[in-house]
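This is what each chain is made of:
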Amino acid sequence: MALFKAKKEAVKPGEWYYCLKHHTAEEGMVCAGRNRMGPYTSRQAAEHAMETAEERNEEWDARD
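Nothing here was measured: the structure is a model prediction, and the numbers come from that model.

Draft legend 1. Quick peek at the overall build of the protein chain. Looking only at helices and strands, one finds two helices and three strands in the protein chain. Counting from the amino terminus, helix and strand elements in the protein chain follow one another as β-β-β-α-α. Each of the 64 residues in the protein chain was classed as buried or not, and the buried ones make up 22%. Taking contacts inside the protein chain between residues at least 6 apart in sequence as the whole, the part at least 24 apart equals 25%. Of the accessible surface of the protein chain, which amounts to about 5,500 Å², a share of 53% is contributed by carbon and sulfur atoms.

Draft legend 2. Representation of the pattern of salt bridges within the structure. The final tally for this structure, using the stated rule, is one salt bridge. Across the salt bridge formed by Arg43 and Glu47, the nearest N and O atoms sit 3.0 Å from each other. Taken together, the residues span about one helical turn, with Arg43 and Glu47 both in helix H1 (residues 43–47) at a distance of four residues. The class of Arg43 is partly exposed, set by a relative accessible area of 43%.

Draft legend 3. Representation of the packing of aromatic side chains. Considering all chains together, one arrives at zero aromatic pairs under this definition. The ring of Tyr17 has Arg36 sitting right over it, with the charged end atom 5.1 Å from the ring centre.

Draft legend 4. Main features of the nonpolar core. Core analysis: the biggest nonpolar cluster contains six residues, these being Trp16, Tyr18, Ala25, Tyr40, Ala46 and Ala49. Ignoring anything within four residues of it in the chain, the contact list for Ala49 reads Tyr18, Met37 and Tyr40.

Draft legend 5. Structural view of a negative patch on the surface. Negative charge collects at one region of the surface, where Glu51, Glu54, Glu55, Glu58, Glu59, Asp61 and Asp64 lie side by side. With respect to the helices and strands, Asp64 occurs in the segment after helix H2 (49–63). Assessed through its relative accessible area of 81%, Asp64 is described here as exposed.

Rules used throughout
- Residues numbered from 1 in each chain as written.
- Predicted model: local features only at pLDDT ≥ 70, side-chain atom pairs only at ≥ 80, totals over all residues.
- Heavy atoms only, no water.
- Helix = DSSP H or I, 4+ residues; strand = E, 2+ residues; numbered from the N terminus.
- Buried < 20%, exposed > 50% of the residue type's maximum accessible area, 1.4 Å probe, protein only.
- Contact = heavy atoms within 4.5 Å.
- Areas by Shrake-Rupley, 256 points an atom, 1.4 Å probe, with all protein chains shown as cover.
- Salt bridge = Lys/Arg side-chain N within 4 Å of Asp/Glu carboxyl O.
- Phe/Tyr/Trp six-rings, centres within 6.5 Å; stacked < 30°, edge-to-face > 60°.
- Lys NZ or Arg CZ within 6 Å of the ring centre and 35° of its normal.
- Core = buried A, V, L, I, M, F, W, Y, C linked by side-chain atoms within 4.5 Å.
- Patch = residues over 30% accessible without salt bridge, like charges linked within 9 Å, V, L, I, M, F, W, Y side chains within 5 Å.
- Lys, Arg positive; Asp, Glu negative; His and termini not counted.
- Charge placed at Lys NZ, Arg CZ, Asp CG, Glu CD.

Below, the structure is given as structure tokens:
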């Protein structure tokens, strides 16, 4: 008997995530949270998640 029940994450239609494991955009919470970036408002935004992260990192590094 399990002491704790697994928390089921809410899925909102139209939320896209970038899967770091599969390197793909996925609608909804398909893969584990540790492998996801997002949510994003569109598939295209999720597909460009790594570029967006790189741009933000460069901006933050420039501030330091």
